[in-house]
Amino acid sequence: MDRNESFREFVAAHQQSLMRTAYLLAGDAHRAEDLLQAVLLKVLGRWSRLSRIDNPEAYARKALLNQHISWRRRRLRGGAELPSAAPPERSYSSEDATVVRLVMRQALMRLPPRQRAVIVLRFYEDRTERETAELLNCSIGTVKSQAHHALARLRVLAPELAPRFTALDDIQEAHR
């Protein structure tokens, strides 16, 4: 049996259960289809190795979860559009984005160096708490507390950006 045929058999056998998982993760049929398609493309690219392991379905499920988390992070950072029944009240211009960047930069510059480093590493560079702790030569607990204090301080320094900090708090909470 050739590589493509064995992959087709895998998809035929597991597509429905993988689609259910994708739907439960995404909460929407269209996003679930996109999620599953993206993962199946990745699985196909690795199929020559995956076809030899005991449970390629487990790999595909883990890939679904990882892809969903990746897409969710991107959406939380503003990198993806969210569908909405109502149009936004006003459009978002590049001038608005520039103002947000300037306000954020000014607020970041007013943080103590350690807090600023934690925020930049954790949320701009999307590093884990462990990676951030290693780079800053401190404990994971220190990274968590510095991030907490920095986000609280940013809310005071730039209250107009507080909704953005709430999304960062959600990321912070997910890692506790």
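Structure's up top.
Anyway, here's the lowdown on the structure attached to this text. It should be emphasised that the depicted structure is a prediction, and the values quoted were computed from it without experimental measurement.

About the criteria used
Residue positions are given per chain, counted from 1 along the sequence in the order it is written. A pLDDT threshold of at least 70 governs which residues receive local features in this predicted model, and a stricter bar of 80 or more applies before side-chain atom pairs are shown or counted, although totals over entire chains, interfaces and linings include all residues. Side-chain figures throughout are based on the complete set of non-hydrogen atoms in the structure, without hydrogens or water. Only DSSP runs of H or I reaching four residues or more are called helices, and only runs of E reaching two or more are called strands; each is numbered from the N terminus. Residue exposure (1.4 Å probe, protein chains only): buried if accessible area is under 20% of the type maximum, exposed if over 50%, otherwise partly exposed. In this description, contact between two residues means that some pair of their heavy atoms is separated by no more than 4.5 Å. Each accessible area is a Shrake-Rupley estimate made with a 1.4 Å probe; only the visible protein chains count as cover when residues are assessed. All axes here are fitted lines through C-alpha atoms, helices being fitted over the stretch that makes contact, and every angle between N-to-C directions spans 0 to 180 degrees. By definition in this entry, angles of less than 35 degrees are roughly parallel, angles greater than 145 are roughly antiparallel, angles of 65 to 115 are roughly perpendicular, and the rest are oblique. In the scheme used here, Gly and all other residues not listed as nonpolar or charged are polar, with Ala, Val, Leu, Ile, Met, Phe, Trp, Tyr, Cys and Pro taken as nonpolar and Asp, Glu, Lys and Arg as charged. In this scheme, a helix's expected span is set at 1.5 Å multiplied by one less than its residue total.

Helices and strands together make up the secondary structure of the protein, namely 9 helices and 0 strands. Helices (α) and strands (β) of the protein occur, in sequence order from the N terminus, as α-α-α-α-α-α-α-α-α. Buried positions account for 32% of the 176 residues belonging to the protein. Long-range pairs, those at least 24 residues apart, make up 60% of the contacts in the protein between residues at least 6 apart in sequence. As displayed, the protein has an accessible area near 11,700 Å², and 52% of this comes from carbon and sulfur atoms.

Contact geometry of helix 7 (residues 129–136) with helix 8 (residues 140–157) gives a least axis separation of 8 Å together with a crossing angle of 100°. Relative to helix 8, the element helix 7 lies roughly perpendicular. Between helix 7, through Glu 129, Arg 130, Thr 132 and Ala 133, and helix 8, the contact on the second element is made entirely by Ile 140, Val 143 and Lys 144. For the contact of helix 7 with helix 8, the class distribution of residues is 3 nonpolar, 1 polar and 3 charged.

Residue placement: Met 19 occurs in helix 1 (residues 3–26). The spatial distance from the C-alpha of Met 19 to the C-alpha of Ala 32 is 6.8 Å, given a sequence separation of 13 residues. In contact with Met 19, not counting residues within four places along its chain, are Ala 29, Ala 32, Glu 33 and Leu 36.

Take helix 6 (residues 113–124) next. The terminal C-alpha atoms of helix 6, which comprises 12 residues, lie 15 Å apart, in line with the 16 Å expected from a rise of 1.5 Å per residue. Just past helix 6, the residue Asp 126 takes up positive phi, approximately 55°.

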